[in-house]
Amino acid sequence: SDVYFNSILRDEKGQKFSKSLGNSPDPIELFKEYGTDAVRFGIMLIAPQGLDVLFSKSRLEISRNFMNKLWHAARFVKMNLVEEQVPDWEPENLELELSDLWIVSRLNQTALEVNKQLQRFHFNEAAKAIYDFTWSDFCDWYIEIAKIRFNGDKKKSERTARAVSVHVLRGILRLLHPYAPFITEELWNNFRRSDDADLIISPWLFGDKDLINEEKETAFNVLKDIISAVRTVRSGMNVPQGKKADLIIRNINGFHSLINSHSSIIRPLAKVEALSVGDDLAKPDHSATAIVQNMELFIPLEGLIDLEKEQIRLNKRLQELKNHLNGVNKKLENQNFLLRAPRNVISKERRKLQEMTAEFELVKTNLEMIQ
């Protein structure tokens, strides 16, 4: 672990922090602005083993947002407890659904990864594993599915979602505690059982390989990909948030049963009204198309957006991108610019070219869909 003590804290320009230069941040002020846990966790996220740390306040904002996200997720789970009683973790007495098995598997995958990185003294990699699992898997996916089940009419499903939510949240608090002791201890007090000690002296989470279920993870990832594809189309085509779309899935590749049995997840999360699944379905006119696991997804756009207005908007954006691309290409073809410009400026222009080219192709594809 001595490699961390050899690292040097630098500002965004790469200049070493120094009192004489006046570029050293005051830790107390950072704690006041971002929160002590956010500063601790944020520094660890940006501290690669053995390398100097490029510090910036914007990176602490990421950590502060993470703490807020965790706090709100925990608050949501707490609000949905029955009479505020923390359920025991007794999976043998629960009817675990696909999303439950998936999140439990991902929790144990994450715990094993965190322990592996801690043993290697790769504290930033361990922090990143906790961050990714908490933000994406738990908050963005499982909590959203739990909301559907909490508001549904199936009591057993609701009870299971409640127990799994608490179990996974308690696991997150254990893993995060060394990095963020204050918020985790505070939240732990909201999810303690009668025989629990304080979090600081509670058993550590090592992860269990036997609870990793790759088959369920693969199946759930198909649902995630379908939902994400529909969301991407809706965003790219400026479909209003309040409007629900129809979804046709063709060439289903053996996923017929999976999709139909989990339509109650797909519909609300992808904002889908009618869902049709089959191998010989026709593609409706003016439909956006996406490919997921070799399946064809069609989202009819007529009635969702003003096709004529959207054509005008996309044509205008296409022309803007053409002009920008011409300008950047000319600059990068200019030998004087390549010889005289700083390396970071040239890299920035090349990055800009890649990003605009990708957007150009996307806009062009979207335009073709509605013509």
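Anything mentioned here points back to the structure above.
Predicted, not measured: the structure shown is a model, and the values here were computed from it.

Conventions we followed
Residues numbered from 1 in each chain as written. Predicted model: local features only at pLDDT ≥ 70, side-chain atom pairs only at ≥ 80, totals over all residues. Heavy atoms only, no water. Helix = DSSP H or I, 4+ residues; strand = E, 2+ residues; numbered from the N terminus. Buried < 20%, exposed > 50% of the residue type's maximum accessible area, 1.4 Å probe, protein only. Areas by Shrake-Rupley, 256 points an atom, 1.4 Å probe, with all protein chains shown as cover. Lys, Arg positive; Asp, Glu negative; His and termini not counted. Charge placed at Lys NZ, Arg CZ, Asp CG, Glu CD. Arc of directions from axis to C-beta. Contact = heavy atoms within 4.5 Å. Core = buried A, V, L, I, M, F, W, Y, C linked by side-chain atoms within 4.5 Å. Pairing = 2+ DSSP bridges. Axes fitted to C-alpha atoms, helices over the stretch in contact; angles between N-to-C directions. Phe/Tyr/Trp six-rings, centres within 6.5 Å; stacked < 30°, edge-to-face > 60°. Lys NZ or Arg CZ within 6 Å of the ring centre and 35° of its normal. Salt bridge = Lys/Arg side-chain N within 4 Å of Asp/Glu carboxyl O.

1. What about the overall build of the chain?
Argument step 1. A count of helices and strands for the chain gives 14 helices and six strands.
Argument step 2. A burial count over the chain gives 44% of its 371 residues as buried.
Argument step 3. A total of about 20600 Å² of accessible surface is found on the chain, and carbon and sulfur atoms cover 49% of it.
Argument step 4. In the chain, 52 side chains carry a positive charge and 53 a negative one; their mean positions are 6 Å apart.

2. A word on helix α11 (residues 263-270)
Argument step 1. Taken as a whole, α11 has its buried residues at Ser 263, Ile 265, Ile 266, Leu 269 and Ala 270. Down the axis of α11, the buried side of the element spans an arc of 160°, and every buried residue falls inside it.
Argument step 2. On its buried face, α11 sits against α6 (123-150), α9 (214-236), β3 (245-250), α10 (256-261) and β4 (272-278).
Argument step 3. Phi turns positive, to about 55°, at Lys 271, one or two residues after α11.

3. Some remarks on the nonpolar core
Argument step 1. Grouped together as the largest cluster of nonpolar side chains are 104 residues, with contacts concentrated most on Ile 226, Leu 247, Met 295 and Leu 297.
Argument step 2. Per-element tally for this core: the top contributor is α6, with 14 residues.
Argument step 3. Sequence-distant contacts of Ile 226, that is, excluding residues within four places in its chain, are made with Leu 247, Ile 249, Ile 259, Ile 266, Val 292, Met 295 and Leu 297.

4. Some remarks on the sheet that holds strand β5 (residues 287-292)
Sheets are built from strands that pair by backbone hydrogen bonding, the pairs being arranged parallel or antiparallel.
Argument step 1. Reading across from one edge, β4-β3-β6-β5 is the order of the four strands in this open sheet, with mixed pairing throughout. Of all the strands in the sheet, just β4 and β5 have a single pairing partner and so form its edges. The average angle at which neighbouring strand axes cross in this sheet is 20°, direction not considered.
Argument step 2. Strands in contact with α11 are β3 and β4; relative to β4, the strand with the most contacts, it is inclined by about 135°.

5. Describing the packing of aromatic side chains
Argument step 1. The full count for this structure, using the stated rule, is eight aromatic pairs.
Argument step 2. Ring geometry for Phe 138 versus Tyr 142: centroids 6.5 Å apart, planes at 10°, classification stacked. Separated by four residues within a single helix, Phe 138 and Tyr 142 lie in helix α6, roughly one turn from each other. Take Phe 138 and Tyr 142: they sit in the same class, and that class is buried.
Argument step 3. Over the face of the ring belonging to Phe 76 we find Lys 147, whose NZ or CZ atom lies 5.6 Å from the ring centre.
Argument step 4. The positively charged end of Arg 231 is found above the aromatic ring belonging to Trp 141, 5.2 Å away from the centroid.

6. Overview of the pattern of salt bridges
Argument step 1. Scanning the entire structure with this criterion turns up 18 salt bridges.
Argument step 2. One salt bridge connects Arg 250 with Glu 296, and the closest N-O pair in it is separated by 2.9 Å. With Arg 250 in strand β3 and Glu 296 in strand β6 (residues 295-300), the pair connects residues that are 46 residues apart, well separated along the chain. Take Arg 250 and Glu 296: they sit in the same class, and that class is buried.
Argument step 3. Salt bridges sharing partners connect three or more residues here, namely Glu 97, Asp 100 and Arg 149.

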